[in-house]
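# Chains, contacts and geometry: an overview
So you can see what is in the structure, the chains are spelled out below.
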Amino acid sequence: MTVLDCRGRKLDLSRVAVMGVLNITPDSFSDGGIFFDPAKAVAHAREMVAQGAAIVDVGGESTRPGAQPVPLQQELDRVIPVIECLAADIAVPISIDTSKPEVMRAAVAAGAGLINDVYALRAQDALDVAAQLQVPVCLMHMQGEPRTMQADPQYTDVVADVRDFLVTRVEAARKAGIGADRIVIDPGFGFGKTLAQNLALLRELRSLTTLGVPVLAGLSRKSMIGKVLGLAVEDRLHASVALAILAVQNGARILRVHDVAATAQAIRMWEVACIENRV
Ligand code: HH2
């Protein structure tokens, strides 16, 4: 049984955990602009916790394909006041979705207890800062960078290549002093991957569980659904829930989602039917 210690707040992964997405951005691909106002952001976080979120992931920079980088001060101004409010307002762990070491530091000082980095701590100083902060980290695979990552992603074998990358990043994190009990990995669905590559990763997600650390999957509302079903972002709920359950079936322990209530209900049914085998 894995329990992540997120600065005193526990994330118990003996049960599948729902990570509720809280984007404080004007331009995120599915909820950009909606929670830009801190009061609205806090209210939404509270709602997600009531619906079953075991952790709330706060981000101040969109990483959607084509997104432009956000300057440091702007990212700090977006996320830090919200994290301060949330730390006093909700009991579950708060994660910070950032790649900037300065934001990691300020966010943890404000009350965040997990670093979720789509660059897998590859920015200068990020590994050392994360190690010093002594909070768990999520290391995600991305090919390229958001501005250009969907242009022409290339792999020899996407599952093996993503796995090799994550092995290398876990080793780098361990070397920097981050214990295995503080590492989560994520194949990075939609980050420099075609539809076929995303589907292969989902089908073979279990190959990542052999790294011995929990696997996080972020499939919610992503373009792979749009590509298969031809649906706009706001119409991707049903397919998102189906993909979430597939990911859990294939070994994911944390699901990063926008629609917490629907996902939490589906997971509960999966647990009862497939794990506990009782009502
Ligand atoms: N996906 C997004 C952002 N952060 N972090 C992890 N670990 N895994 C993911 O799959 C992941 C992530 C993109 O989703 P969203 O935050 O809704 O959009 P945007 O980047 O446009 O803000």
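Source: prediction; values computed, not measured.

### As for the overall build of the protein chain
In terms of regular secondary structure, the protein chain is built from ten helices and ten strands. For the protein chain, the C-alpha atoms occupy an extent of roughly 45 × 40 × 40 Å along the three principal directions. Put simply, 68% of the contacts in the protein chain that link residues at least 6 apart link residues at least 24 apart. Taken as a whole, the protein chain presents about 11,700 Å² of accessible surface, with 53% of it coming from carbon and sulfur. A distance of 3 Å separates the average location of the 28 positive side-chain charges in the protein chain from that of its 31 negative side-chain charges.

### Quick word on the environment of Arg-256
Positionally, Arg-256 belongs in strand β10 (residues 254–257). Residue Arg-256 is classed as buried on the basis of its relative accessible area, which comes to 16%. Spatially, the C-alpha atom of Arg-256 lies 13 Å from that of Val-49, the residues being 207 residues apart in sequence. Excluding its chain neighbours within four sequence positions, the residues that come into contact with Arg-256 are Met-19, Val-21, Asn-23, Asp-57, Asp-97, Asn-116, Leu-216, Ala-217, Gly-218, Leu-219 and Ser-220. Within polar-contact distance, the side chain of Arg-256 engages the side chain of Asp-57 at 2.9 Å.

### Regarding the state of the cysteines
Scanning the model with the defined rule gives zero disulfides in all. Take Cys-138: it sits in no disulfide, and the sulfur closest to it among the cysteines is that of Cys-6, at 11 Å.

### Some points on the sheet that holds strand β4 (residues 55–59)
Spatially, the eight strands line up as an open sheet ordered β8-β7-β6-β5-β4-β3-β10-β9, and their pairing is parallel. Lying at the two open borders of the sheet, with one neighbouring strand each, are β8 (183–186) and β9 (216–217). Along the sheet face, helix α1 (residues 38–50) touches β3 (17–23) and β4 and points at about 165° away from the line of β3.

Reading the values: rules and limits
Residues numbered from 1 in each chain as written. Predicted model: local features only at pLDDT ≥ 70, side-chain atom pairs only at ≥ 80, totals over all residues. Heavy atoms only, no water. Helix = DSSP H or I, 4+ residues; strand = E, 2+ residues; numbered from the N terminus. Contact = heavy atoms within 4.5 Å. Areas by Shrake-Rupley, 256 points an atom, 1.4 Å probe, with all protein chains shown as cover. Lys, Arg positive; Asp, Glu negative; His and termini not counted. Charge placed at Lys NZ, Arg CZ, Asp CG, Glu CD. Buried < 20%, exposed > 50% of the residue type's maximum accessible area, 1.4 Å probe, protein only. Polar contact = N/O pair within 3.5 Å; in protein donor to acceptor, adjacent residues only side chain to side chain. Disulfide = S-S within 2.5 Å. Pairing = 2+ DSSP bridges. Axes fitted to C-alpha atoms, helices over the stretch in contact; angles between N-to-C directions.

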